[in-house]
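# Descriptive analysis of the structure
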Amino acid sequence: MEAVVSASHGAFGPLLVKLNDLLAGEYARLKGVRREMRSLRSELSNMHAALQKYTMLQDPDIQVKAWISEVRELAYDTEDCVDKFIHRLGSPGARHHHHRGIKEFFRRSARRLKTLGSRRQIAKQIVELKARVMSVKDQRTSYKLDDMVCGTSGHAVVDPRLAALFIEEAHLMGIEDPRDDLAKEHFHCHAFVSVSQKPDVRKIIKDIISQVPCHDVFTKDIQFWDEKRSIEKLRELLQDKRYLVVIDDIWSTSAWNTIKCAFPENNCSSRVITTTRIFDVASSCCQVEDDRIYYMEPLSDLHSKKLFFNRIFGSEDCCPDILKDVSDAILRKCGGLPLAIISISGLLASRPAVRNEREKIRKSIGFALDKSQSLEGMKSILSLSYSSLTPNLKTCLLYFSNFPEDYKIERDTLVRRWIAEGFISEERGQSRQEVAENNFYELINKSIVQPMDIGYDGKARACRVHDLMLEFAISKAAEENFITVLGGQMVLPNSNCYIRRLSVQHINSELASTLASKELHHVRSLTVSGCIKQMPNLVEFESLRVLDFEGCEGLKEYDLNNINKLFKLKYLSLRSTCISNVPSGVVTLHDLVTLDLRDTYIQELPAGIVQLSKLQYLLTARCIFYGETTIPSGIGKMKSLCEISGFNITTSSVGAVEELENLTNLTELHVVFNGGGSDKYKRHEEMLFSSLCKLGRYSLQSFRIQSKDSTPLDFLDSWCPLPSSLQLFIMSTIYYLPKPPKWLAPTVTSLTHLNINLSEITEEDINILGRMPALISLELWFKTVRKERLIVQGNGFRSLKEFYFIHSYYFAGARYLLFEEGALPKVEKLQVPFYVSVAEAYGLYLGIEHLPCLKDAEVSIYNEGATASESKVAVVSIRNEANTHPNHPRVTILEEDEEDGDDDDPDDIASDSKKKGKGESLHMWEDELLCDA
């Protein structure tokens with residue numbers, strides 16, 4: 001496993017690796033360097049070992065914290081120095097040439113002379129760092145830090161959850177529905193136990209036994225029972241009893257696997273209720289078919305207000321009008337979390353009931369977490385969740401401090417930034433990308449962050465962080481000098497430490513003046529939201545790895561000419577800005593991995609962009625729906641590229657399109673193909689097709705093609721050989737293929753997502769698609785003139801979870817589906833049309849009841865040629881189908897007054913239909929059918 005940067009250890013991991021590489025390489029031959037670097041490496045290795053030991057402490061002494069901070073800063077500064085050293089002397093490989101003799105002698109001599117000043121400057125910095133290292137080493141000895149560390153091992157921590165167990169029921173809010181849903185009666189005995197992060201199973205079992213009535217003789221010598229004996233005795237005690245046991249706050253699957261052995265299956269309808277904040281643990285607790293996961297919902301607005309105002313004023317009516325709006329704003333920050341409402345209302349109750357005081361608290365809740373004893377309980381709960389994380393997950397969590405409140409954070413963007421920061425390493429045969437995505441899902445799994453945009457595969461494409469968790473992360477990140485947040489009530493810390501990562505969420509002249517007085521050469525990542533006009537010049541940020549200007553206003557007027565000075569930059573985002581040209585200096589950023597230019601006005605990339613050999617993600621597009629950027633000539637040299645998007649095929653040269661076939665590591669390709677179908681672009685079409693055929697043999701997993709005109713795409717029919725790794729295929733075009741491409745066959749075993757336009761869909765086509773084994777999401781757009789029913793057979797679509805069967809509104813025709821029993825056994829989301837006039841001939845029936853896993857369905861009722869009475873009967877029929885479904889799915893019925901599409905120009909309006917996306921067809925009214933159990 002590679003060394004990584006972390007919030008707790010700073011840059012120690014990669015720093016020690018770099019020092020080892022330098023000592024083993026050509027740089028070590030430089031006079032005076034080897035000796036100093038060897039000594040430096042030795043001292044830093046010892047410090048790193050001590051740092052690892054100290055950062056594992058639950059609550060280290062204040063002097064230990066100060067030393068930890070000093071050591072972290074030292075590691076950062078040393079790595080910055082080493083990076084400059086390597087950069088100024090050039091890479092070792094650059095000093096080897098194929099030609100030897102006198103020319104090589106002069107080249108090497110000239111290079112030594114050119115870098116002489118740099119070497120002297122670097123050598124001086126190394127000496128200074130060495131002196132600083134020795135000073136920090138002496139501090140550890142003189143302050144006797146190891147003695148302090150040993151002295152904290154016996155410190156007892158009070159469980160912050162304990163008080164919650166003894167709250168009177170009358171003081172609880174919003175528990176009626178969950179209580180009634182979970183309550184069980186007529187049990188012989190019951191018990192409640194809490195589980196710690198490091199559970200003592202023997203103690204847990206004994207606690208349960210102590211709550212179950214039994215004779216004293218049964219518990220004789222209980223203090224001597226080991227774990228095995230304790231489990232055996234509890235099983236014996238519960239064997240003939242109907243019991244209810246609550247196991248509270250389980251942290252691991254392994255703990256549950258041991259505890260569950262103590263409960264016998266005695267056919268007495270006993271119940272074990274477990275609580276956990278981790279989804280995987282909840283899943284593991286479901287042993288039999290009747291078991292289910294109950295998700296705790298936040299308090300409703302009504303209950304939140306009742307709890308909040310009752311604790312402060314006695315009731316909501318007693319709250320002064322002048323305080324209601326600021327109180328509502330504070331409540332929104334609590335997000336329905338009872339603990340947050342109780343903690344913050346307790347804080348407010350102890351302060352004067354004046355508006356200015358409330359405003360201060362609203363704006364500085366994060367600061368209050370650190371300073372207020374009233375919020376200590378909430379901070380303890382948040383700290384408990386945080387301390388349970390592994391070091392790398394802690395780092396990933398604190399990184400959310402970069403983003404504003406309520407910000408939708410895209411998974412792919414976050415993952416690329418984590419990697420660029422050096423937080424992620426390859427593990428157990430997994431790539432950095434896979435490891436980073438696992439971290440993302442792990443934070444969701446542990447209920448630390450909230451999932452958003454859950455896709456067809458059940459995975460979240462984005463997330464957000466609850467306001468109070470974000471406040472906690474910002475506070476913790478500031479404490480460890482991990483990220484500095486500037487904006488709102490956040491101010492730059494008055495500290496001797498350099499700023500390492502900077503998130504500017506708001507800036508004015510005062511904050512700009514303060515920032516200008518700070519040393520910014522050590523900032524590793526810069527995230528700017530809002531207006532950029534008053535930001536310091538880029539030349540001040542020479543150590544940047546990540547630069548994110550997404551959505552910045554005024555970037556066109558900001559000076560980007562010094563971007564070439566950012567020699568360590570790995571991630572650059574100019575997304576959603578008004579710029580129309582890529583800064584020329586970007587072509588010198590040879591460590592760049594991600595270049596995000598989406599939703600800008602950039603139409604052409606600088607020619608030198610093809611020299612960026614490490615670039616993996618080249619994302620371009622003029623606007624959200626259409627891309628207008630031309631493919632740079634020479635793109636075939638960029639062998640590291642794994643994702644490219646937004647390139648327009650027909651505005652690019654034929655040679656550049658042909659070069660796409662050389663990108664053998666490409667996994668995602670997103671192109672625009674406008675104006676095809678004529679002889680002028682015939683060669684472009686041929687080269688795109690040729691490249692697709694060759695890329696399909698390699699790693700291509702995702703292909704998207706967009707068009708804003710009726711460009712024929714029939715060439716897609718002959719994709720050969722079969723794209724063996726293709727998982728996703730999307731058409732966002734006006735053009736409709738006359739029939740499914742030949743390669744869409746059961747032999748394509750990797751395809752999971754298909755979005756395609758077809759002029760006509762036959763039952764045979766449905767049956768072929770139904771036999772594709774991996775298909776999870778299917779979106780079929782069709783325009784047909786046949787008025788008939790299609791039957792989805794009982795053996796079709798065994799893996800499908802989402803099915804969208806969409807008739808283009810602007811084309812005449814009628815067709816609907818009937819689902820046989822056994823069809824789509826896993827489908828959860830469904831969108832289908834229902835033509836009343838056609839259905840009358842076959843019977844008003846869809847077969848929804850045959851879809852056992854259905855959760856959400858949208859049925860569009862097309863009533864052309866039908867009377868109002870017939871339409872009403874159709875709606876009632878579909879409602880009845882839904883009501884008889886065992887899952888009681890949510891069904892939305894849309895009634896469409898379908899007009900003849902012949903009066904409209906499809907080229908003008910069909911693109912609007914495509915842009916609206918699934919489930920957003922034009923409708924006259926919507927009926928939300930929430931079926932009762």
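Up top is the structure.
Residues numbered from 1 in each chain as written. Predicted model: local features only at pLDDT ≥ 70, side-chain atom pairs only at ≥ 80, totals over all residues. Heavy atoms only, no water.

### Considering the sheet that holds strand β2 (residues 243–248)
For clarity, the cut-off: A pair of strands is considered paired only if DSSP assigns at least 2 bridges between the two. Numbering of helices and strands starts at the N terminus; helices are DSSP runs of H or I of at least 4 residues and strands are runs of E of at least 2. Convention adopted: a line fitted to C-alpha atoms gives each axis, helices being fitted over their contacting stretch, and angles between N-to-C directions are expressed from 0 to 180 degrees. We call two residues in contact when some of their heavy atoms are within 4.5 Å.
If you walk across this open sheet you meet the three strands as β1-β2-β3, and the pairing is parallel. Looking at strand neighbours, the two that pair on one side only are β1 (189–194) and β3 (271–274), the edges of this open sheet. When strand polarity is set aside, the average angle formed by the axes of neighbouring strands in this sheet is 10°. With six bridges joining them, β1 and β2 adopt parallel strand pairing. Within β2, the residue paired with Phe192 across the bridge is Val246. Running at roughly 150° to β1, helix α8 (residues 201–211) makes contact with β1 and β2 of the sheet.

### A few points about helix α9 (residues 227–238)
Heads up, the rule is: Given the number of residues in a helix, its expected span is that number minus one, multiplied by 1.5 Å. Note on exposure labels: buried denotes an accessible area under 20% of the residue type's maximum, exposed denotes more than 50%, and partly exposed covers the range between, all computed with a 1.4 Å probe on protein chains only. Our arc is simply the arc of the directions from the helix axis toward the C-beta atoms.
Taking 1.5 Å of rise per residue, twelve residues should cover 16 Å, and α9 covers 17 Å from first to last C-alpha, within 8% of that figure. By the burial criterion, the buried members of α9 are Ser230, Ile231, Lys233, Leu234, Leu237 and Leu238. Down the axis of α9, the buried side of the element spans an arc of 165°, and every buried residue falls inside it. Seen from the buried face of α9, the exposed residues on the opposite side, beyond 90 degrees, are Lys228 and Glu236.

### Thoughts on empty space enclosed by the protein
Inclusion rule: Here a cavity is any set of points on a 1 Å grid over the protein atoms alone where a 1.4 Å probe fits but cannot get out, and a pocket is any open set with protein on both sides within 12 Å along at least 5 of 7 lines; a residue lines the site when it has an atom within 4 Å of a point. Grid points are joined across faces, edges and corners, and a volume is the space filled by probe spheres set on the points. Under the scheme applied here, ten amino acids are nonpolar (Ala, Val, Leu, Ile, Met, Phe, Trp, Tyr, Cys and Pro), four are charged (Asp, Glu, Lys and Arg), and all others, including Gly, are polar.
Applying the stated criterion to the full structure yields three cavities of 30 Å³ or more. Looking at the second largest cavity, its volume works out to about 50 Å³. In terms of lining, the second largest cavity is formed by Phe400, Phe403, Pro404, Glu405, Asp406, Tyr407, Ile409, Arg464, Val465 and Leu470. Its residues placed into classes, the lining of the second largest cavity shows seven nonpolar, no polar and three charged.

### Considerations on the sheet that holds strand β6 (residues 460–464)
Across the sheet, which stays open at both edges, the three strands sit in the order β4-β6-β5 with antiparallel pairing between neighbours. The outermost strands of the open sheet, each flanked by one partner alone, are β4 (409–410) and β5 (450–454). When β4 meets β6, the two strands line up antiparallel, connected through two bridges. Directly across from Glu410, in β6, lies its bridge partner Ala462.

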